[in-house]
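Residues per chain are reported as follows:
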Amino acid sequence: MQQPSASARLMGLVNGYLLSQALYVAATLGIADLLADGPSGVRELASKTGAHEEALYRVLRALAAAGIFHEDASRRFALTELGDCLRSDAAEPVGRWAANIGRPYVWSAAGALLHCVQTGESGFRHVHGTDAWTYRASRPEESVIFDRAMADLSRRAAAGVVAAYSFGAFRRIVDVGGGSGMLLAAILAANPGVQGVLFDQSHVVAAAPTVLAAAGVLDRCEIVGGSFFETVPTGGDAYILKSVLHDWNTEEAGAILRICRAVIPAGAKLLAVEHVIGPPNELPFSKFTDINMLIMLGAQERTEQQFAALFAAGGFTLKKVVPATLGYCIIEAEPS
Ligand SMILES: C[S@@+](CC[C@H](N)C(=O)[O-])C[C@H]1O[C@@H](n2cnc3c(N)ncnc32)[C@H](O)[C@@H]1O
């Protein structure tokens, strides 16, 4: 078959916003879970989700054209290998992230990317007049959707992160900005001799007991609510920051590191679990999550050199970068 022309391929990329929104709709309606036991007709799917049958059909038809579902001749849809990753119980779930990025408040911020590029500022702040954390803190519905998306991203990466590093060498691991505890739960479950401390904003750690109990590690994990701009829990010999530093600009991330440095003793480790930006003209996809950071938070993904400089400013020395999984690396640092 002849390759589509450059113009046709570019048009597909330009229209990518429709694919993201269609995936958001399918994820929000839980279509993949409804197809988990086998194919279903669009009438049944519309009735189970309260959707308009014809409009739902058109969205699912487009997603089937993109390889997410398979459509048969009688408007019945089945999961494909890609669509299977939208299931809430997928091994590497993507559905809750899809259900987060299409939220109207996120979507309208993404529409301000040109403003970001013209000013270097956060598009979110330009559109909503505040930062994303403050915005969500007073909107519990959005906070829950975001925290679940984060938990899924951590569940997606947890096995690979746990396998890539010897967490069993530590006595007490503090997960700073650890969300609802998905990664810490996986680390503790794999390392029965290790104690944990989960630290995040109070409204976020409220969901943690369920996550930690499900992993059978609640009795080995202290849960602490607070702000890492004020203090972090003492007494750890390892401090994890997963997907935290990329949420903040250089000054803010440096401030978080200095707060950590104040309580981290000599000989302990700081472990940032982050994407590391690679050479020009190549994926990883972190070159796009970097744009998400710019829009949502005025923040950024970083190269290894940028991490080294950031750690130095925070009182740490970067020791090594351990590739883990799905583009995540474990960046190990020690107090300088
Ligand atoms: C991108 S999420 C990552 C969560 C978790 N580490 C993970 O990877 O799933 C960043 C986390 O930082 C937390 N956070 C934001 N501001 C905070 C603050 N001032 N103090 C403590 N945690 C904060 C958020 O609540 C959120 O859980």
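Residues numbered from 1 in each chain as written. Predicted model: local features only at pLDDT ≥ 70, side-chain atom pairs only at ≥ 80, totals over all residues. Heavy atoms only, no water.

Caption draft 1: Up close: the pattern of salt bridges. As enumerated under the stated definition, the model contains 12 salt bridges in all. Between arginine 155 and aspartate 152 there is a salt bridge, and its shortest N-O distance comes to 3.7 Å. Separated by 3 residues within a single helix, arginine 155 and aspartate 152 lie in helix H12 (residues 140-164), roughly one turn from each other. The buried category is assigned to aspartate 152, whose relative accessible area is 3%. Residue glutamate 222 pairs with arginine 172 through a salt bridge whose shortest N-O separation is 3.0 Å. Residue glutamate 222 is located in strand S6 (residues 221-225), and its partner arginine 172 is located in strand S4 (residues 172-176); the two are separated by 50 residues in the primary sequence. A network of salt bridges, in which partner residues are shared, links Asp84, Arg87 and Asp89. (Salt bridge = Lys/Arg side-chain N within 4 Å of Asp/Glu carboxyl O. Helix = DSSP H or I, 4+ residues; strand = E, 2+ residues; numbered from the N terminus. Buried < 20%, exposed > 50% of the residue type's maximum accessible area, 1.4 Å probe, protein only.)

Caption draft 2: Structural context of the pairing of strand S10 (residues 328-335). With respect to burial, S10 is a largely interior element, 7 of its 8 residues being buried. With 6 bridges connecting them, strand S8 (residues 269-275) and S10 associate as antiparallel partners. Opposite histidine 275, over in S10, you have tyrosine 328 as the bridge partner. By the bridge criterion, 8 bridges tie strand S9 (residues 316-325) to S10 in an arrangement that is antiparallel. The residue bridging valine 322 from the neighbouring strand is isoleucine 330, located in S10. From the end of S9 to the start of S10, which pair antiparallel, there are 2 residues, and leucine 326 there has a positive phi angle of about 50°. (Pairing = 2+ DSSP bridges.)

Caption draft 3: Representation of the site of the ligand in the model. Taken together, 17 residues lie near the ligand, and Ser154, Gly177, Asp200, Gln201 and Lys242 sit nearest. At 2.9 Å, a side-chain N or O of glutamine 201 approaches an oxygen atom of the ligand. Protein contact buries 96% of the 580 Å² of open area that the ligand shows by itself. Taken together, the residues of the shell around the ligand sort by class into 6 nonpolar, 8 polar and 3 charged. (Near = heavy atom within 4 Å. Polar contact = N/O pair within 3.5 Å; in protein donor to acceptor, adjacent residues only side chain to side chain. Areas by Shrake-Rupley, 256 points an atom, 1.4 Å probe, with all protein chains shown as cover. Nonpolar A, V, L, I, M, F, W, Y, C, P; charged D, E, K, R; others polar.)

Caption draft 4: Helix H2 (residues 16-29), seen in detail. With 14 residues, H2 should reach 20 Å at 1.5 Å per residue; the first-to-last C-alpha distance of 20 Å fits that figure. Among all positions of H2, only Ala22, Tyr24, Ala26 and Ala27 are buried. Each element contacted by the buried residues of H2 is listed here: helix H3 (31-34), helix H5 (53-65), strand S2 (69-71), helix H7 (95-101) and helix H8 (104-110). Positive backbone phi, at 70°, marks glycine 30, one or two positions downstream of H2. (Expected span 1.5 Å × (residues − 1). Contact = heavy atoms within 4.5 Å.)

Caption draft 5: Inspection of the domain arrangement of the protein at higher detail. As assigned here, the protein comprises domain 1 (6-88) and domain 2 (106-335). Each of domain 1 and domain 2 has a C-alpha centre, and these two points are 32 Å apart. (Domains from an automatic or database assignment.)

Caption draft 6: Just the nonpolar core, in detail. By size, the foremost hydrophobic cluster in this structure holds 42 residues, and its most contacted members are Leu245, Leu270 and Phe311. With residues near it in sequence (within four places) discarded, phenylalanine 311 still touches Leu245, Leu257, Leu270, Ala272, Phe316, Leu318, Ile331 and Ala333. (Core = buried A, V, L, I, M, F, W, Y, C linked by side-chain atoms within 4.5 Å.)

Caption draft 7: Layout of the packing of helix H16 (residues 250-263) against helix H18 (residues 304-314). At a minimum axis separation of 8 Å, H16 and H18 run at an interaxial angle of 50°. Put simply, H16 runs oblique to H18. In this structure, H16 crosses over H18, and the sense of that crossing is right-handed. Residues Thr250, Ala253, Gly254, Leu257, Arg258 and Arg261 of H16 touch H18, and the partners they reach there are Leu310, Phe311, Ala313 and Gly314. The residue inventory of the contact of H16 with H18, partitioned by class, reads 5 nonpolar, 3 polar and 2 charged. (Axes fitted to C-alpha atoms, helices over the stretch in contact; angles between N-to-C directions. Parallel < 35°, antiparallel > 145°, perpendicular 65-115°, else oblique. Left-handed = near helix turned anticlockwise from the far one by under 90°.)

Caption draft 8: Up close: the packing of aromatic side chains. For the coordinates displayed, the defined rule picks out 13 aromatic pairs. An angle of 55° between the planes, with centres 6.0 Å apart, marks the rings of tyrosine 57 and phenylalanine 77 as tilted. Of the two residues, tyrosine 57 sits in helix H5 while phenylalanine 77 sits in strand S3 (residues 76-79), which places them 20 residues apart along the sequence. The same class applies to tyrosine 57 as to phenylalanine 77, namely buried. With 5.6 Å between their ring centres and 80° between their planes, tryptophan 133 and phenylalanine 146 make a pair best called edge-to-face. Pair noted here: tryptophan 133 is in helix H11 (residues 132-137) and phenylalanine 146 is in helix H12, with a separation of 13 residues, a long-range link. The same class applies to tryptophan 133 and to phenylalanine 146, which are both buried. Every member of this aromatic cluster is reached through a ring pair, and the members are Trp133, Phe146, Phe228, Phe229 and Trp248. Over the aromatic face of tyrosine 57 sits the side chain of arginine 75, whose NZ or CZ is 3.8 Å from the ring centroid. The ring of phenylalanine 146 carries arginine 136 above its face, with NZ or CZ at 3.6 Å from the centroid. (Phe/Tyr/Trp six-rings, centres within 6.5 Å; stacked < 30°, edge-to-face > 60°. Lys NZ or Arg CZ within 6 Å of the ring centre and 35° of its normal.)

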